[in-house]
Amino acid sequence: MTRISHARTQDRPSLYGGEFSRRVTVRDIAAAKADGERWPMLTAYDAMTASVFDQAGIPVILVGDTMGACHLGYDSTVPVTLEEILVLSAAVVRGTSRALIVGDLPFGTYQAGPEQALRSATRLVKEAGVGAVKLEGGERSARQIAMMVSAGIPVMGHLGLTPQSVNAFGGNLVQGRGETAARRLLQDARAVQDAGAFAVVLEAVPERLATEITAALDVPTVGIGAGPDCDAQVLVWTDAMGLTPGRLPRFVKKYSALRDTLDEAARTFADEVVTGAFPAAEHAYR
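Per an unreviewed UniProt entry, the recorded name for the protein is 3-methyl-2-oxobutanoate hydroxymethyltransferase, and the organism is Actinomadura violacea. Under the heading Subcellular location (unreviewed entry), UniProt records this for the protein: "Cytoplasm". Within the UniProt record for the protein, the comment given under Catalytic activity (unreviewed entry) is "(6R)-5,10-methylene-5,6,7,8-tetrahydrofolate + 3-methyl-2-oxobutanoate + H2O = 2-dehydropantoate + (6S)-5,6,7,8-tetrahydrofolate".

Participant: Where do I start with the overall build of the protein in this structure?
Facilitator: A tally of regular secondary structure across the protein gives 11 helices and 8 strands. Projected onto the principal axes, the alpha-carbon positions of the protein cover approximately 70 × 45 × 40 Å. The burial tally for the protein puts 49% of its 286 residues in the buried class. For the protein, the proportion of contacts with a sequence separation of at least 24, taken over those separated by at least 6, is 59%. Counting every atom, the protein has about 14100 Å² of accessible surface; 54% of that belongs to carbon and sulfur. Side-chain charges in the protein split into 28 positive and 32 negative, and the spacing between the mean points of these groups amounts to 3 Å.

Participant: It is not clear to me how the nonpolar core should be interpreted in this structure. Could you clarify?
Facilitator: Among soluble globular proteins, nonpolar side chains are generally buried collectively. Counting residues in each nonpolar core, the largest one holds 57 residues, and the members touching the most others are Ile 61, Leu 124, Val 133, Met 148 and Leu 202. If one sorts the elements of this core by residue count, helix H4 (residues 82-94) sits on top with 7 residues. Those residues in contact with Met 148, other than ones at most four positions away along the chain, are Leu 105, Ala 117, Leu 118, Ala 121, Val 133, Leu 135, Ile 153 and Val 155. One finds Ile 29, Met 41, Leu 100 and Phe 198 within the second-largest nonpolar core, a separate group that totals 20 residues.

Participant: Mind showing me how you'd approach the UniProt feature "binding site: Mg(2+)" (unreviewed entry) in the protein here?
Facilitator: The feature "binding site: Mg(2+)" (unreviewed entry), as annotated in UniProt, sits at Asp 65, Asp 104 and Glu 136 in this numbering. What stands out for the annotated residues spanning 72 residues is how close their C-alpha atoms remain, the widest pair being 11.0 Å apart. With respect to the secondary-structure elements, Asp 65 resides in the loop between strand E2 (60-63) and helix H3 (67-70). Ignoring sequence-local partners within four residues, the contact set of Asp 65 consists of Thr 77, Val 80, Ile 85, Asp 104, Pro 106, Glu 136 and Gln 164. Checked against the element boundaries, Glu 136 lands in the loop between strand E4 (132-134) and helix H6 (142-150).

Participant: Any chance you could explain the packing of aromatic side chains here in plain terms?
Facilitator: Here a ring pair, both rings aromatic, is described through the centre-centre distance and the interplanar angle of the planes. Scanning the model with the defined rule gives 2 aromatic pairs in all. Ring geometry for Phe 53 versus Trp 237: centroids 6.0 Å apart, planes at 70°, classification edge-to-face. One end of the pair, Phe 53, is in helix H2 (residues 47-55); the other, Trp 237, is in helix H10 (residues 237-240), with 184 residues separating them in the sequence. On the accessibility criterion, Phe 53 (7% relative accessible area) is buried.

Participant: Would you mind going over the side chain of Ser 89 with me for this structure?
Facilitator: Turning to its location among the elements, Ser 89 is positioned in helix H4. In this structure the side chain of Ser 89 is engaged in a polar contact, spanning 2.7 Å, whose partner is the backbone oxygen of Ile 85. For Ser 89, the residues in contact, after removing those within four places along its chain, are Val 63, Gly 103, Leu 124, Ala 128 and Val 130.

Participant: Which parts of the structure should I look at to understand the packing of helix H5 (residues 114-128) against H6?
Facilitator: Helix-helix packing is characterised by the crossing angle of the two axes and by the distance between the axes. Between H5 and H6, the least distance of the axes is 8 Å, while the angle of their chain directions is 50°. What the angle tells us is that H5 and H6 run oblique. With respect to the hand of their crossing, H5 and H6 are arranged in right-handed fashion. In contact with Pro 114, Glu 115, Ala 117, Leu 118 and Ala 121 of H5, H6 contributes Arg 143, Gln 144, Met 147 and Met 148. Taken together, the residues that form the contact of H5 with H6 break down as 6 nonpolar, 1 polar and 2 charged.

Participant: Honestly, the pairing of strand E3 (residues 100-104) in this entry has me stumped. Any pointers?
Facilitator: Here is the key point about a regular strand: its side chains alternate between the two faces of the sheet. Counting buried positions along E3 yields 5 of 5 residues, so the element is predominantly enclosed. Judged by which residues are buried, E3 turns out to be covered on both faces: Leu 100, Val 102 and Asp 104 on one side and Ile 101 and Gly 103 on the other are all buried. With 4 bridges joining them, E2 and E3 adopt parallel strand pairing. When the bridges of E3 are listed, Leu 62 appears paired with Val 102. Bridge count between E3 and E4: 3 bridges; the pairing is parallel. From the neighbouring strand, Val 102 faces E4, where its bridge partner is Ala 132. In this view, the connection linking E3 to its parallel neighbour E4 by way of H5 has right-handed handedness.

The rules behind each value
- Residues numbered from 1 in each chain as written.
- Predicted model: local features only at pLDDT ≥ 70, side-chain atom pairs only at ≥ 80, totals over all residues.
- Heavy atoms only, no water.
- UniProt positions renumbered as here; feature names shortened; annotations may be inferred.
- Helix = DSSP H or I, 4+ residues; strand = E, 2+ residues; numbered from the N terminus.
- Buried < 20%, exposed > 50% of the residue type's maximum accessible area, 1.4 Å probe, protein only.
- Contact = heavy atoms within 4.5 Å.
- Areas by Shrake-Rupley, 256 points an atom, 1.4 Å probe, with all protein chains shown as cover.
- Lys, Arg positive; Asp, Glu negative; His and termini not counted.
- Charge placed at Lys NZ, Arg CZ, Asp CG, Glu CD.
- Core = buried A, V, L, I, M, F, W, Y, C linked by side-chain atoms within 4.5 Å.
- Phe/Tyr/Trp six-rings, centres within 6.5 Å; stacked < 30°, edge-to-face > 60°.
- Polar contact = N/O pair within 3.5 Å; in protein donor to acceptor, adjacent residues only side chain to side chain.
- Axes fitted to C-alpha atoms, helices over the stretch in contact; angles between N-to-C directions.
- Parallel < 35°, antiparallel > 145°, perpendicular 65-115°, else oblique.
- Left-handed = near helix turned anticlockwise from the far one by under 90°.
- Nonpolar A, V, L, I, M, F, W, Y, C, P; charged D, E, K, R; others polar.
- Pairing = 2+ DSSP bridges.
- Right-handed = clockwise from strand over helix to strand, strands pointing away.

So this is what it looks like as structure tokens:
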């Protein structure tokens, strides 16, 4: 398999590492693609967590509808509402100063057509302050993307496994296997790019196909379960940091064990309250 080169060739600030003293923009994302720079993206749903990622130099933060399962207690992304996305997106924007904040358009807020998509995206930009929006779908969403882009709203596409379509897929299954499905996914990727999207998420896509799509597009691909040759990689933060319980998708790598850390801290606090060790003298006012 031919690997895509990601070596930087130009003298410019790196997307990752906090070199920007301003918000990262879609122009910076385009420059990174031209320069072959890889970059990371994480999700966030509150100001405090987002501030940690912003401080760490993460250049793009997605306020994803994954909040449904990992923040709001739903069993999928489908029940998430625009109002919920608005509240949490605004919190993430307030907690950051450098990252480009991308707000998800939840199920039912853009499928009816371009006008509905523009109304929803406009609220995310005006009320929450996000710098871009994301929506699922290829050719079926091209008109929505074109309308939003023509109105001045940057759009990130999302192809492959699209969680809002979980009921149609019959589960969280790898997409793009087989010649016909692969050809369709490449066609969708080109349609999203031609409609004006500045980047495309590829989720649960065979590595070889993701490599082909990344090479075929002028805009960056953001992989999640799509192999190493995408221009960027994204993970749901609760998965990556070890907060999500139970079995995780194969593509997730755990970089911490926050669930264990929080469990231990909570038990220690409770034990100290029960035994009278907390609060101690230094925790009381006089």
